[in-house]
Amino acid sequence: MKKILIAICVVFAGLTANAQSSIGKNMPPDGSGILDFNAGGKAGIVLPWVTTLPTGTALTGGVMIYDANLKKVMYYNGTSWIDLSNHTGAVDLSIQASVPETPIKGTVIGAQSSSVDGVLVLESSNKALILPKVVSPHLNIVKPMAGTICYDTVKKMVCIYNGSEWTFWK
């Protein structure tokens, strides 16, 4: 887990503030993407786990988190929290016990800085995050973590894993 966090930090540290970026592929992002992932992979993005829903500067439209108390993936639409999991999942918070809770400013891609407080903030008026594209993630992602999100290229749907089951959104 520690090696993965270090690798992610190294990748994001190497990105320039206004650049588009790709992870796991040697080409620029598809279309109008600000961040894109290799197609056909067998992994998704794991959303940050929280035990308290964000407020203040950390709360802006578009925030997605895994609420470890509710055991659900939550999305803030600018007005209220939307449950993307449908059912309660499962999570083992003991695996985070060794991660120190030091206040670190997150990585911003697409701008020099951001007023939003987040682990990874994508700032753009005309670009978007392109989710990792996975063929049937419910069959091909081995041991997904609670809060995993990706795009199913077969069902053509966004897939969200709550720690127990996958939810598919069109």
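Procedures and definitions
- Residues numbered from 1 in each chain as written.
- Predicted model: local features only at pLDDT ≥ 70, side-chain atom pairs only at ≥ 80, totals over all residues.
- Heavy atoms only, no water.
- Helix = DSSP H or I, 4+ residues; strand = E, 2+ residues; numbered from the N terminus.
- Buried < 20%, exposed > 50% of the residue type's maximum accessible area, 1.4 Å probe, protein only.
- Contact = heavy atoms within 4.5 Å.
- Areas by Shrake-Rupley, 256 points an atom, 1.4 Å probe, with all protein chains shown as cover.
- Pairing = 2+ DSSP bridges.
- pLDDT = per-residue confidence, 0-100.
- Core = buried A, V, L, I, M, F, W, Y, C linked by side-chain atoms within 4.5 Å.
- Salt bridge = Lys/Arg side-chain N within 4 Å of Asp/Glu carboxyl O.

Enquirer: How should the overall build of the chain be read in this particular structure?
Expert: For the chain, the count of helices and strands is two helices and 14 strands. By the burial criterion, 34% of the 170 residues in the chain qualify as buried. In the chain, 42% of the contacts between residues at least 6 apart in sequence involve partners at least 24 apart. By element, 59% of the accessible surface of the chain is carried by carbon and sulfur atoms, the whole surface being about 10,000 Å².

Enquirer: Would you explain unusual backbone geometry in this entry?
Expert: Most peptide bonds adopt trans geometry, and most residues besides glycine take a negative phi value. Despite not being glycine, Ser136 has its phi angle at roughly 45°, a positive value. With respect to the secondary-structure elements, Ser136 resides in the loop between strand E11 (133-134) and helix H2 (137-140). Residue Lys156 is not a glycine yet carries a positive backbone phi of 55°. The topology assignment puts Lys156 in the loop between strand E12 (148-152) and strand E13 (157-161).

Enquirer: What exactly am I supposed to notice about the sheet that holds strand E7 (residues 81-83) here?
Expert: Note on sheets: strands pair through backbone hydrogen bonds, and any given pair is parallel or antiparallel. In space, the four strands of this open sheet follow the order E4-E5-E6-E7, with mixed pairing throughout. Unpaired on one side and paired on the other, strand E4 (49-50) and E7 mark the two borders of the sheet. Of the pairings in the sheet, the one linking strand E5 (residues 63-67) to strand E6 (residues 72-76) comprises five bridges and is antiparallel in character. When the sheet's bridge partners are listed, Ile65 is paired in E6 with Met74.

Enquirer: Explain the confidence of the model for the chain here, please?
Expert: As a general rule, the predicted coordinates of low-pLDDT regions are not to be interpreted in detail. Of all residues in the chain, 74% have pLDDT values of 70 or greater, and the mean over the chain is 77. Predicted confidence in the chain is weakest over helix H1 (residues 2-13), with a mean pLDDT of 44, and strongest over E13, with 93. Scored below 50 in pLDDT, residues 1-18 makes 17 contacts in the model with residues more than four places away or belonging to other chains.

Enquirer: Can you walk me through the nonpolar core in this structure?
Expert: Among soluble globular proteins, nonpolar side chains are generally buried collectively. Within the largest apolar cluster, nine residues are counted, these being Leu47, Trp49, Tyr66, Val73, Leu84, Leu131, Ala146, Ile149 and Ile160. For Ile160, the residues in contact, after removing those within four places along its chain, are Val73, Leu84, Thr148, Ile149, Glu165, Trp166, Thr167 and Trp169. Membership of the second largest hydrophobic core comes to six residues, among which are Ile141, Cys159, Tyr161 and Trp166.

Enquirer: Explanation requested: the pattern of salt bridges in the structure shown.
Expert: Tallying each qualifying case throughout the model produces one salt bridge. Across the pair Lys72 and Asp83 runs a salt bridge whose closest N-O atoms are separated by 2.7 Å. One end of the pair, Lys72, is in strand E6; the other, Asp83, is in strand E7, with 11 residues separating them in the sequence. Residue classification places Lys72 among the buried residues on the basis of a relative accessible area of 15%. A residue is classified by how much of its surface remains accessible, and Asp83, at 25% relative accessible area, is partly exposed.

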